[in-house]
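Coordinate inspection notes
Chain by chain, the residues:
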Amino acid sequence: MSTKWNLDPSHSEITFKVRHMMISNVKGEFKNFNVDLESEDENFKNVKASASIDTSSISTNNTDRDNHLKSAEFFNAEAHPQITFETDSLNDEVTGNLTINGVTKPVKLDVDFGGINVDPWGQTKAGFSFEGKINRSDFGLNWNAALEAGGVMVSDEVKIAGELQFVKA
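Thresholds applied
- Residues numbered from 1 in each chain as written.
- Predicted model: local features only at pLDDT ≥ 70, side-chain atom pairs only at ≥ 80, totals over all residues.
- Heavy atoms only, no water.
- Patch = residues over 30% accessible without salt bridge, like charges linked within 9 Å, V, L, I, M, F, W, Y side chains within 5 Å.
- Areas by Shrake-Rupley, 256 points an atom, 1.4 Å probe, with all protein chains shown as cover.
- Salt bridge = Lys/Arg side-chain N within 4 Å of Asp/Glu carboxyl O.
- Helix = DSSP H or I, 4+ residues; strand = E, 2+ residues; numbered from the N terminus.
- Buried < 20%, exposed > 50% of the residue type's maximum accessible area, 1.4 Å probe, protein only.
- Pairing = 2+ DSSP bridges.
- Phe/Tyr/Trp six-rings, centres within 6.5 Å; stacked < 30°, edge-to-face > 60°.

**Considering a nonpolar patch on the surface**
Side chains of M21, M22 and I23 sit close together on the surface and give an oily, nonpolar patch of about 290 Å² of accessible area. The residue M22 is located in the loop between strand 2 (13-20) and strand 3 (24-30) in this model.

In structure tokens form, the structure reads like this:
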């Protein structure tokens, strides 16, 4: 018998970093997302999970940059309103299919299971941290600009990370 776990959005986040002008990192996050998780036991060895991220909820604390990222030059949020991830394995790493901009690729992320605890209101909660890297051009996110001193405006490598907390249904 499987157990359903509901995402606790007030204790969860999905973030990213990308190298800008080859000299520093720009951070961002997606404000709206959901993860459906079912497990056979509280060890989370046999799971089914799917995530959907609202592409237009991207935030880098800069409205002009956010609007550019939502445009057809990057995520094309109007045509592709969701980023999705699906997996049926979870150990020290998770492998699954990530779809961005209508392109689906397999990805592998490192996972740290933080454990299970019961909050003061009697709710059983489970926590996970994840991190990994993707190549944005693999997903058709190709916009860039050459820099006069060499290099490019935005690196292809994007570091992604998250903190996810779930409540046992």
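**Re unusual backbone geometry**
Positive phi, normally seen in glycine, also occurs at N76, with a value near 50 degrees. Along the chain, N76 falls in the loop between helix 1 (63-70) and strand 7 (82-87). Within the chain, N101 stands out as a residue other than glycine whose phi angle is a positive 60 degrees. Overall, the relative accessible area of 17% leaves N101 in the buried class.

**So, the pairing of strand 9 (residues 103-118)**
Put simply, side chains in a regular strand alternate between the two faces of the sheet. Relative to strand 9, strand 8 (residues 93-100) runs antiparallel, the two sharing eight bridges. Its bridge partner being in strand 9, L98 is matched across the sheet by K105. Sheet analysis places strand 9 next to strand 10 (residues 124-135), joined by eight bridges and oriented antiparallel. Paired with V118 across the bridge in strand 10 is T124. Linkage of strand 9 to strand 10, two consecutive antiparallel strands, is achieved through a turn of five residues, within which G122 is found at a positive phi near 85 degrees.

**Some points on the packing of aromatic side chains**
The full count for this structure, using the stated rule, is seven aromatic pairs. Ring geometry for W5 versus F44: centroids 5.1 Å apart, planes at 50 degrees, classification tilted. Of this pair, W5 sits in strand 1 (residues 3-7) while F44 is found in the loop between strand 4 (33-39) and strand 5 (47-54), placing the two residues 39 residues apart along the sequence. Overall, the relative accessible area of 0% leaves W5 in the buried class. Seen in terms of ring centroids, F16 and F30 are 5.8 Å apart; in terms of plane orientation they differ by 45 degrees. Their pairing is tilted.

**Observations concerning the pattern of salt bridges**
All chains considered together, the criterion is met by five salt bridges. K4 is the salt-bridge partner of D36, the closest N and O atoms lying 3.7 Å from each other. Of this pair, D36 sits in strand 4 while K4 sits in strand 1, placing them 32 residues apart in sequence. Among the ionic pairs, K125 bridges to D119, the shortest N-O distance being 3.8 Å. Judged by relative accessible area, which is 14%, K125 ranks as buried. For D119, a relative accessible area of 15% corresponds to the buried category. A single salt-bridge network, built from bridges that share partners, covers D8, D119 and K125.

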